[in-house]
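Notes for the structure review
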Amino acid sequence: MFEQMAGVSVTFHVMKDDSEIFEDISDWSYDVLVLYNMSQNISDSRKANFLTLLEHGVGLVALHHAIAAYNDWPEFWKIIGARYFLKDTEVDGKTVPKSTYRHDMDIPFAPAEPAHPVTEGLGPFILRDETYKGFLMEPGNTPLLSADHPDAQREAAWARKHGNAKVCFIQPGHGPESVRDA
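These notes cover the structure that comes with them. (Residues numbered from 1 in each chain as written. Predicted model: local features only at pLDDT ≥ 70, side-chain atom pairs only at ≥ 80, totals over all residues. Heavy atoms only, no water.)

So, on to the overall build of the protein chain. Of regular secondary structure, the protein chain possesses three helices and 11 strands. Reading the protein chain from its N end, one meets helices and strands in the order β-α-β-α-β-β-β-β-β-β-β-β-β-α. Taken over the C-alpha trace, the protein chain has a radius of gyration of 16 Å; the compact-globule value for 182 residues is 16 Å, and the two agree within 12%. For the C-alpha atoms alone, the extent of the protein chain along its principal axes is close to 50 × 45 × 30 Å. In the protein chain, which comprises 182 residues, the share counted as buried stands at 42%. Residue pairs in contact within the protein chain that sit at least 24 positions apart in sequence constitute 58% of those at least 6 positions apart. Surface accessibility of the protein chain: about 10,400 Å² in total, with carbon and sulfur atoms responsible for 52%. Here the protein chain holds 16 positive side-chain charges and 27 negative ones, and the gap between their average locations is 5 Å. (Helix = DSSP H or I, 4+ residues; strand = E, 2+ residues; numbered from the N terminus. Rg over C-alpha atoms; globule rule 2.2 N^0.38 Å. Buried < 20%, exposed > 50% of the residue type's maximum accessible area, 1.4 Å probe, protein only. Contact = heavy atoms within 4.5 Å. Areas by Shrake-Rupley, 256 points an atom, 1.4 Å probe, with all protein chains shown as cover. Lys, Arg positive; Asp, Glu negative; His and termini not counted. Charge placed at Lys NZ, Arg CZ, Asp CG, Glu CD.)

Here is the structure:
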């Protein structure tokens, strides 16, 4: 999908140990970081480097299951704007049940903010994809895309700022079929 975008140069990096891309950022030359991972391990120094990139204005697009990445790092929830729970978890003295997902659902989507650059020109559509439900949203998100399915949380994409970085999370996109017509 990215290779087909005119005017976009893309470099793919498969993370072998969950976060090594953030080990040394001294030669960082990328404008935007796209996460499509569910990595859990990230050291304190790599967290600091990740935050430094955002402070320098490197943009972040978190796709699909990246909502569940770094699940034990509270700052990551603030960065991407939500927390997906991999297990029942106590939050503010209450048990929040494990978030849910369902594969191969026909999900109606509609732009929540049609004038936003991310959704401009996009109309309602149905996508066979995976639903997510039961995640908690952070304050400060600008809703971009809404889902209308009983097994899906309404919020399906949003934009936000974290430091000097523009951040966008897009939930649809479980596999090749969901981005085939992108």
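Next, the rest of the story.
What follows is about unusual backbone geometry. Residues other than glycine seldom take positive phi values, yet His64 does so here, at roughly 45°. Structurally, His64 can be placed in the loop between β2 (59-63) and α2 (74-80). The phi dihedral of Tyr70 is positive, around 45°, even though this residue is not glycine. Within the secondary structure, Tyr70 sits in the loop between β2 and α2.

This part takes up the pairing of β2. Counted residue by residue, β2 has four buried out of five residues, so it is predominantly covered. Pairing of strand β1 (residues 32-35) with β2, which is carried by four bridges, proceeds in the parallel orientation. Within β2, the residue paired with Leu35 across the bridge is Ala62. Handedness of the β-α-β unit built from β1, helix α1 (residues 44-55) and β2 comes out right-handed. The pairing of β2 with strand β11 (residues 165-170) spans four bridges and is parallel. Counterpart to Leu60 in the pairing with β11 is Val167. (Pairing = 2+ DSSP bridges. Right-handed = clockwise from strand over helix to strand, strands pointing away.)

Turning to the sheet that holds strand β9 (residues 142-147), a few remarks are in order. Reading across the sheet, the seven strands line up as β1-β2-β11-β10-β9-β6-β7 and stay open at both edges, with mixed pairing between neighbours. Since the sheet does not close on itself, it has two edges, and those belong to β1 and β7 (125-133), each with one partner. Averaged over all pairs of adjacent strands, the angle between strand axes in this sheet comes to 30°, irrespective of strand direction. Pairing of strand β10 (residues 155-162) with β11 involves six bridges; the strand directions are antiparallel. Bridging from a neighbouring strand, Arg160 pairs with Val167 of β11. (Axes fitted to C-alpha atoms, helices over the stretch in contact; angles between N-to-C directions.)

The grouping of Met1, Met5, Val8, Val10 and Phe12 at the surface amounts to a nonpolar patch, some 420 Å² of accessible area in total. If you trace the backbone, Val8 turns up in the segment before β1. (Patch = residues over 30% accessible without salt bridge, like charges linked within 9 Å, V, L, I, M, F, W, Y side chains within 5 Å. Salt bridge = Lys/Arg side-chain N within 4 Å of Asp/Glu carboxyl O.)

Burial runs high along β10: six of the eight residues are buried. Following β10, the chain reverses through two residues before pairing antiparallel with β11; Gly163 in that reversal takes a positive phi of roughly 60°.

Attention now moves to the side chain of Thr89. Secondary-structure assignment places Thr89 in strand β4 (residues 89-91). Among the polar contacts listed, one links the side chain of Thr89 to the backbone oxygen of Lys87, at a separation of 2.7 Å. Discounting chain neighbours no more than four positions away, the residues touching Thr89 are Arg83, Lys94, Thr95 and Val96. (Polar contact = N/O pair within 3.5 Å; in protein donor to acceptor, adjacent residues only side chain to side chain.)

Space inside the largest pocket adds up to approximately 1,800 Å³. Surrounding the largest pocket, 43 residues form its lining, Met1, Phe2, Met5, Val34 and Leu63 being those nearest its centre. Within the residue set of the lining of the largest pocket, elements represented by two or more residues are β1, β2, β7 and α3 (176-179). Looking at the lining of the largest pocket residue by residue, the class counts come to 29 nonpolar, nine polar and five charged. (1 Å grid on protein atoms, 1.4 Å probe; cavity = no way out; pocket = protein on both sides within 12 Å on 5 of 7 lines; lining within 4 Å. Points joined across faces, edges and corners; volume = space filled by probe spheres on them. Nonpolar A, V, L, I, M, F, W, Y, C, P; charged D, E, K, R; others polar.)

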